[in-house]
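Given next are the chains, with one letter for each unit.
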Amino acid sequence: MSKHLSQDEFFTALTALFTTQKQSQKGTILLTQKRYSYDESAKETLSEQEHEETLTTTPLPQAPILIRASNSKSKEARNEGKKVKLSTIIQPDDLDSFYARYADVCKAGMSGLKPRDRTKRKAKEKARRKMKTQA
Amino acid sequence: MPYYSKSEDWLHHSSLLLAARPTTTRISTNYHLSPARRTPKSATPEQVVEDEKRGKRGHLVITTFDPKSGVSLKYKTSKAQEVGRLVQMLGTLAGRAAGREEERGVKKEEGDVEMGEAAADGGAGEGQGSGIVMPVVAAAEKQVPQVGGAGGGGGKKKKKGKR
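Residues numbered from 1 in each chain as written. Chains lettered and ligands numbered in written order. Predicted model: local features only at pLDDT ≥ 70, side-chain atom pairs only at ≥ 80, totals over all residues. Heavy atoms only, no water.

Named according to an unreviewed UniProt entry, chain B is SRP9 domain-containing protein originating from Podospora anserina.

We count it as follows: UniProt positions are given in the numbering used here, feature names are shortened, and annotations may be inferred rather than shown by experiment.
Chain A has the name Signal recognition particle subunit SRP14 in an unreviewed UniProt entry, where Podospora anserina is given as its organism. The Subcellular location (unreviewed entry) comment attached to chain A in UniProt states, word for word, "Cytoplasm".

This is the structure in structure tokens:
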């Protein structure tokens, strides 16, 4: 498992990941987020009922969030060193600033999605104008 | 695997799942891009550029998954304008998963009001069927008090079957 990156390094690497995907015109980018509860493994062994009880009686302790990114390449690509895996850990207090940047990087990177369709509205306006000029 | 048709519904159920199983639930965002429609060899560069613009072939799938109970909640879109809103939702959910004070305190009451507003905003912004969203969210809100703990997983599964 690779080492966790800092926020800046993570964003640089993620932007690079999106750029390579854009250039090759295909591929998948997988982003994952979860609570980073590495040393809480003891909690997981609780029974269903106990789990519910601890949840309702004790408030959830603060924990950082683990963010992972990958280009989801197969095993062959992994052997060729084409597999990219990134990860970073965000402290609860840094979440807002992280997600603001995250949104920007994602918006810029996911350019393969359909932009807002304005053709229908334009056509409607045209039709309306025509009606006006006729009347 | 069922997909939610509204991202607000996805957010609502994801936050319930997260409240039930904060330590094991993870959220994946999957962005796929496949090449645009094949371009004929005779196409001029200008045509190619235009084809690229028209043939946007990306889509985004966002999944909340809890390995412990096996609950999986999905939402799929291919609209670019939704990315910002979805990442914002990811941020909200991350705040809850991190157990931040402000999110935790208002989780039961204000969180749900927020959801209703979000649905209304989304519906109005898109200019489409907000009338359909609201009853669903309102109905879901009524169930919230019962769905506090881990039992929520089971309840959600049943609901998923109906969809």
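**Some remarks on the packing of helix α1 (residues 7–20) of chain B against helix α3 (residues 83–97) of chain B**
Residue and element names in this part refer to chain B. Operational definition: The angle between two axes is taken between their N-to-C directions and runs from 0 to 180 degrees, where each axis is a line fitted to C-alpha atoms and a helix contributes only its stretch in contact. Helix numbers and strand numbers start at the N terminus; a helix is a DSSP run of H or I with at least 4 residues, a strand a run of E with at least 2. When describing relative orientation, an angle under 35 degrees is termed roughly parallel and one over 145 degrees roughly antiparallel, while 65 to 115 degrees is termed roughly perpendicular and anything else oblique. Helix crossings get a hand from a simple test, with the near helix turned counterclockwise from the far one by less than a right angle marking a left-handed crossing and a clockwise turn marking a right-handed one. Here a residue-residue contact requires only that any non-hydrogen atoms of the pair lie within 4.5 Å. Throughout, the ten residues Ala, Val, Leu, Ile, Met, Phe, Trp, Tyr, Cys and Pro are labelled nonpolar, Asp, Glu, Lys and Arg are labelled charged, and all others, Gly among them, are labelled polar.
Direction vectors running N to C along α1 and α3 enclose 15 degrees, while the axes themselves pass 10 Å from each other. Taken together, the axes of α1 and α3 lie roughly parallel to each other. The two elements α1 and α3 cross, and the hand of that crossing is right-handed. Between α1 and α3, the residues in contact are Ser-7, Glu-8, Trp-10, Leu-11, Ser-14, Ser-15 and Leu-18 and Arg-85, Leu-86, Met-89, Leu-90, Leu-93, Arg-96 and Ala-97, respectively. Grouping the constituent residues of the contact of α1 with α3 by class yields eight nonpolar, three polar and three charged.

**Quick look at α3 of chain B**
Heads up, the rule is: For a helix, the expected span equals 1.5 Å multiplied by the number of residues minus one. Relative accessibility decides the category of a residue: with a 1.4 Å probe and only protein chains considered, values under 20% of the type maximum give buried, values over 50% give exposed, and everything between is partly exposed.
Relative to the 21 Å expected for 15 residues at 1.5 Å per residue, α3 of chain B spans 21 Å between its end C-alpha atoms, a close match to the ideal helical length. With twelve of its 15 residues buried, α3 of chain B lies for the most part within the structure.

**Let's talk about the interface of chain A and chain B**
Filter applied, for reference: Throughout, buried area stands for the accessible area (probe radius 1.4 Å) lost by two parts on being put together, summed over both. For this analysis, a polar contact is any N or O atom pair within 3.5 Å, provided that within protein one partner can donate a hydrogen and the other can accept it, and provided that sequence-adjacent residues contribute only side-chain to side-chain pairs.
Contact residues are listed per partner, giving 43 residues for chain A and 48 residues for chain B. When chain A packs against chain B, close to 3900 Å² is buried across both sides, 57% of that on carbon and sulfur atoms. A per-residue breakdown of the area chain A buries against chain B is headed by Gln-25, Gln-33 and Leu-113 of chain A, which together make up 16% of the total. The interface formed by chain A and chain B contains twelve residue pairs in polar contact (both at pLDDT 80 or more). Contributions of two or more residues to the side of chain A that touches chain B are made by α1 (7–24), β1 (27–35), α3 (48–57) and α5 (95–109) of chain A. Sorting elements by how many residues they give to the side of chain A that touches chain B places β1 of chain A first, with nine residues.

**A closer look at the packing of α1 of chain A against α5 of chain A**
Residues and elements named next belong to chain A. Contact geometry of α1 with α5 gives a least axis separation of 10 Å together with a crossing angle of 15 degrees. Classified by the angle their axes make, α1 and α5 are roughly parallel. Where α1 crosses over α5, the handedness of that crossing is right-handed. Two secondary-structure elements touch here, α1 through Gln-7, Asp-8, Phe-10, Phe-11, Leu-14, Thr-15, Phe-18 and Lys-22 and α5 through Phe-98, Arg-101, Tyr-102, Val-105, Cys-106, Ala-108 and Gly-109. Considering only residue class, the contact of α1 with α5 consists of nine nonpolar, three polar and three charged.

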